[in-house]
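Notes for the structure review
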Amino acid sequence: MTAAVDRADFPLLHPVTGRVIEGRPVIYLDSAATSLKPRAVLDAVAGYDTRYTANVHRAKHTLSEEASQAFQDGRGQVAALIKARPRDLVFTSGTTAAINLVALGLGFPPGSNVVGTVQDHHSNLLPWYQRAEVRLCPVDESGTVDVDRLLSLVDGNTRIVAIGHASNATGAVQPIRAIADALAGKAPLLVDGAQSVPHLPIDVAALGCDFLAFSAHKMLGPTGIGALWGKAERLEALGTPLVGGGMVDVVTATGFTTKSLPYRLEPGTPHIEGAIGFGAAAAYLMACGMDRVAAHDALLAERLVHGLAGIPGTRLLGPPPGEGRLALASLVIDRKVAADHVAMILSDTYKVMARSGHHCCHPYFDAVHASGALRLSAYLYNTVDEVDTAVAAVREILATV
């Protein structure tokens, strides 16, 4: 079975010139951490660096005008991917910075609490730990949160509910629309979309959340760039948590006035080539079709889960395929061999690149009594043959250690 895209678009996977180690082509199954980049993204970044390098929105010369237009085009493309207005999309350095931006601007009166889940990524826990009581809702065996149980933690002091749309530890996809509907009038909802935006069709209006944070590097784009989408009134309410050049309209000897959104929340020189590459990544995904991406993801999820299930001395985290999960499988190895050791053998012997560890989800791994897991995460450029090869390698390793 082929990939959802032309693998020749990805230099690292190119069938002729791609990366080969000790005679074996690399099998990349660590996209939940960082995805590979297609040539279109690399060319977009190189175009800025080689043809029109200049700062944006600060000059009237030709190169600055070209850079400014490309920067704004990038914003428009990223917004289009999630069916949003460009003015409601703020560039940040990534999901972590986007969540911190909300935490900085929200304000937390004494006694405030934040509600999330035990499965959330550290980036969606630590910003709240510093400001309020954090109430973590358990998840079931499949990694899915019960909406009623989550709502039982919400009270009049809940400042925000912050939850991951899809888990980087289990691949479980949460019922965000149902949560949003249940929360109506009770508390705003922030969604960590770092894992969902790359894999699923997203319409922010249909999702029903107040904020959505995500990162370019998990969806074919550059590192160090991400976005915060928010409802206009929610973004306005954040005030000016960060200030500096670029976000001001007029500065006097006694104060300043700010620009309108989204620039008011983007102080300093932005990551210009990152935003341009982010836009190119979004355009690539839209050209592929997110329905097609999701369908291929579901196919690979089924192959991963069926292939890894039932290995003696192991536990597979997350829901069954076809029941709201990404093409990601985390295998807990309940025996003396460590997941790190299996990951090293996969890399050194089979040239399969996979992740091991707690995946920035310590509270969840504590809850399931696991010291870590081996994670294989696939994406639109992976094939069924690659997944099958990796699964066979895991089984072979665990049969001999």
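Look a little higher up for the structure.
Residues numbered from 1 in each chain as written. Predicted model: local features only at pLDDT ≥ 70, side-chain atom pairs only at ≥ 80, totals over all residues. Heavy atoms only, no water.

Side note on the overall build of the protein chain
- Within the protein chain, the secondary structure is distributed over 13 helices and 17 strands.
- When the backbone C-alpha atoms are referred to their principal axes, the protein chain occupies close to 75 × 55 × 30 Å.
- Here the protein chain holds 401 residues, and the buried ones make up 56% of them.
- Within the protein chain, counting contacts between residues at least 6 apart in sequence, those at least 24 apart form 68% of the total.
- Surface exposure of the protein chain reaches about 16,100 Å², of which carbon and sulfur atoms provide 54%.
- Looking at charge distribution, the protein chain has the averaged site of its 33 positive side-chain charges lying 3 Å from that of its 38 negative ones. (Helix = DSSP H or I, 4+ residues; strand = E, 2+ residues; numbered from the N terminus. Buried < 20%, exposed > 50% of the residue type's maximum accessible area, 1.4 Å probe, protein only. Contact = heavy atoms within 4.5 Å. Areas by Shrake-Rupley, 256 points an atom, 1.4 Å probe, with all protein chains shown as cover. Lys, Arg positive; Asp, Glu negative; His and termini not counted. Charge placed at Lys NZ, Arg CZ, Asp CG, Glu CD.)

Things to note about the packing of helix H11 (residues 339-350) against helix H13 (residues 384-400)
- Between H11 and H13, the least distance of the axes is 10 Å, while the angle of their chain directions is 120 degrees. Judged on the interaxial angle alone, H13 and H11 are oblique. Viewed along their axes, H11 and H13 form a crossing whose handedness is right-handed. The residues of H13 that touch H11, namely those facing Val 342, Ile 345, Leu 346 and Tyr 350, are Ala 390, Ala 393, Val 394, Glu 396, Ile 397 and Leu 398.
- Broken down by class, the residue content of the contact of H11 with H13 amounts to 9 nonpolar, no polar and 1 charged. (Axes fitted to C-alpha atoms, helices over the stretch in contact; angles between N-to-C directions. Parallel < 35°, antiparallel > 145°, perpendicular 65-115°, else oblique. Left-handed = near helix turned anticlockwise from the far one by under 90°. Nonpolar A, V, L, I, M, F, W, Y, C, P; charged D, E, K, R; others polar.)

Side note on the packing of helix H2 (residues 62-81) against helix H9 (residues 272-288)
- Close contact between H2 and H9 brings their axes to 7 Å; oriented N to C, the two are set at 40 degrees. Classified by the interaxial angle, the pair formed by H2 and H9 is oblique. Seen along the crossing, H2 lies across H9 with a hand that is left-handed. Residues Ala 70, Phe 71, Gly 74, Gln 77, Val 78, Ala 80 and Leu 81 of H2 form the contact with H9, whose own contacting residues are Ile 272, Ala 275, Ile 276, Phe 278, Gly 279, Ala 280, Ala 282, Ala 283, Leu 285 and Met 286.
- Along the lines of polarity and charge, the residues of the contact of H2 with H9 split into 14 nonpolar, 3 polar and no charged.

Digging into a negative patch on the surface
- Together, Asp 140, Glu 141, Asp 146 and Asp 148 make up a negatively charged patch on the protein surface.
- By the element assignment, Asp 140 lies in the loop between strand S6 (133-137) and helix H5 (147-151). (Patch = residues over 30% accessible without salt bridge, like charges linked within 9 Å, V, L, I, M, F, W, Y side chains within 5 Å. Salt bridge = Lys/Arg side-chain N within 4 Å of Asp/Glu carboxyl O.)

Describing the sheet that holds strand S8 (residues 189-192)
- The strand order S4-S10-S9-S8-S7-S5-S6 describes an open sheet built from 7 strands, whose pairing is mixed. The open sheet has two edge strands with one neighbour each: strand S4 (89-92) and S6. Between one strand axis and the next, the sheet turns by 20 degrees as a mean value, whatever way the strands run.
- Where strand S5 (residues 113-117) and S6 come together, 5 bridges link them in parallel fashion. From the neighbouring strand, Val 115 faces S6, where its bridge partner is Arg 135.
- In the packing of helix H6 (residues 176-183) onto the sheet, contacts are made with strand S7 (158-164) and S8, and the angle to S8 comes to roughly 165 degrees. (Pairing = 2+ DSSP bridges.)

What to know about the nonpolar core
- In terms of nonpolar packing, the biggest core is built from 79 residues, with Ile 82, Leu 189, Leu 212, Phe 214, Leu 380 and Tyr 381 touching the most fellow members.
- With residues near it in sequence (within four places) discarded, Leu 212 still touches Ile 82, Val 191, Gly 193, Val 197, Ile 202, Val 204, Leu 207, Ala 227, Leu 228 and Trp 229. (Core = buried A, V, L, I, M, F, W, Y, C linked by side-chain atoms within 4.5 Å.)

As for the pattern of salt bridges
- Evaluation of the coordinates by the stated rule reveals 16 salt bridges.
- Between Asp 210 and Lys 231 there is a salt bridge; the shortest N-O distance is 3.6 Å. Here Asp 210, found in the loop between helix H7 (204-207) and strand S9 (211-215), pairs with Lys 231, found in the loop between strand S10 (226-230) and helix H8 (232-237); they are 21 residues apart in sequence, far enough to count as distant.
- Exposure remark for Asp 210: the relative accessible area of 8% places this residue in the buried category.
- The salt bridge involving Glu 236 is made with Arg 264; its shortest N-O contact spans 2.8 Å. Highlighted residues: Glu 236 in helix H8 and Arg 264 in the loop between strand S12 (256-258) and H9, separated in sequence by 28 residues.
- According to the relative accessible area criterion, Arg 264 is buried, its value standing at 6%.
- Taken together, the shared-partner salt bridges connect Arg 85, Arg 87, Asp 88, Glu 236 and Arg 264 into one network.

Observations regarding H9
- Look at H9: 25 Å from first C-alpha to last across 17 residues, which is about the 24 Å you get at 1.5 Å a residue.
- For H9, a buried count of 13 out of 17 residues is recorded, marking the element as mostly surrounded by other parts of the structure.
- Following H9 by one or two positions, Gly 289 adopts a phi angle in the positive range, close to 100 degrees. (Expected span 1.5 Å × (residues − 1).)

Let's talk about the side chain of Thr 95
- In this structure, Thr 95 sits in helix H3 (residues 95-106).
- Not counting residues within four places of it along the chain, the set of residues in contact with Thr 95 comprises Asp 192, Ala 194, Ala 213, Phe 214 and Ser 215.

Remarks on unusual backbone geometry
- Looking along the chain, the bond that leaves Leu 261 and enters Pro 262 is cis, with omega of 0 degrees.
- By the secondary structure assignment, Pro 262 is in the loop between S12 and H9.
- The backbone of His 57 sits at a positive phi, close to 60 degrees, despite the residue not being glycine.
- Within the fold, His 57 resides in the loop between helix H1 (39-51) and H2.
- The partly exposed category is assigned to His 57, whose relative accessible area is 35%.
- Positive phi, close to 55 degrees, is recorded for His 369, a residue that is not glycine.

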